[in-house]
Amino acid sequence: MRCVVANWKMNLASREARAFCEDLLGHFTPQAGIEVGIAPSFTFLHLVSELVRPIGLQVFGQNGHAEAKGAFTGEVSMPQLRDAGCSGVLLGHSERRQFFGETDAALATKVKAAWQWDLLPLLCIGETLAQRDAGQTLEVLRQQLSILAETGPGPLWVAYEPVWAIGTGRRAEAAQVREAHAFIRGELNRHLAGTDYVVPILYGGSVTPESFPELLTIPEVAGGLVGGASLDPRKFAELVKQAG
Ligand code: PGA
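Rules and cut-offs
Residues numbered from 1 in each chain as written. Predicted model: local features only at pLDDT ≥ 70, side-chain atom pairs only at ≥ 80, totals over all residues. Heavy atoms only, no water. Near = heavy atom within 4 Å. Polar contact = N/O pair within 3.5 Å; in protein donor to acceptor, adjacent residues only side chain to side chain. Areas by Shrake-Rupley, 256 points an atom, 1.4 Å probe, with all protein chains shown as cover. Phe/Tyr/Trp six-rings, centres within 6.5 Å; stacked < 30°, edge-to-face > 60°. Helix = DSSP H or I, 4+ residues; strand = E, 2+ residues; numbered from the N terminus. Buried < 20%, exposed > 50% of the residue type's maximum accessible area, 1.4 Å probe, protein only. Lys NZ or Arg CZ within 6 Å of the ring centre and 35° of its normal.

In the vicinity of the ligand there are 14 residues, among which Lys 9, His 93, Glu 161, Gly 167 and Ser 206 approach most closely. With respect to the ligand, the backbone of Gly 227 contributes an N or O atom lying 2.8 Å from an oxygen atom. In the model, an oxygen atom of the ligand is placed 2.8 Å from a nitrogen or oxygen of the Gly 228 main chain. Here the ligand, which alone exposes 280 Å², has 95% of that area covered by the protein.

Here it is as structure tokens:
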């Protein structure tokens, strides 16, 4: 299975989101074996899901709170994401870890909450440049995946996103991606031993239609989590086509 997910981050207004979806629908043919998702801002989740779910696209929240309801001003819960039409939720994006202090311990509770509300967690992991330069990449990935020892097994997608490659135009080298994805697969095999869960591992970080075909040739790269290039419906449709 291949997966291509648009992470719109804090971009677009509802009018632009509608225009994007209408444009995408004009260029998009659903293909067997490819899962396509969009992660819009909370304010137009409903709108996007009404437009794209009928043709089989998935809609992801960009974050979700572990509690189902209560006094958590400014937060959105997993059942609220479901109610808005989501089938999944991004968890642990490096911008959440970096700017909002999201910890592995908090992420373990969020993954469990997502499962409880039947949402597919797309867990994002990846090292900073300082960690890579210090030779700590694999240790960081091991640590970030160790939340699975706490959550136990369940349906999951993982995105490897080296922090230094996000939004920088600086994509990781093929050898770096190969090493990281192989390592992640080994860790997932360990955590999910004896279960039937098949976890696709997406690459994220400056993915474009120019770089995606080569990335897709790397073993264990099952697709992409795409920021900047996903804001252009033609480019996004092209990435989906390349994944086919
Ligand atoms: P980028 O973002 O494609 O703009 O690098 C990817 C992401 O943050 O998920």
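All right, on to the packing of aromatic side chains then. Within a pair of aromatic rings, the relevant descriptors are the distance that separates the centres and the angle that separates the planes. The tally for this structure, following the rule as stated, stands at 5 aromatic pairs. Ring plane angle 45° and centroid distance 6.4 Å describe the contact between Trp 8 and Phe 44, whose orientation is recorded as tilted. One end of the pair, Trp 8, is in the loop between strand 1 (2-7) and helix 1 (14-27); the other, Phe 44, is in the loop between strand 2 (34-39) and helix 2 (45-52), and 36 residues separate them in sequence. The class of Phe 44 is buried, set by a relative accessible area of 4%. Taken together, the ring pairs connect Trp 8, Phe 20, Phe 44 and Phe 236 into an aromatic cluster. Lying across the ring of Phe 100, Arg 96 places its NZ or CZ 4.2 Å from the centre.

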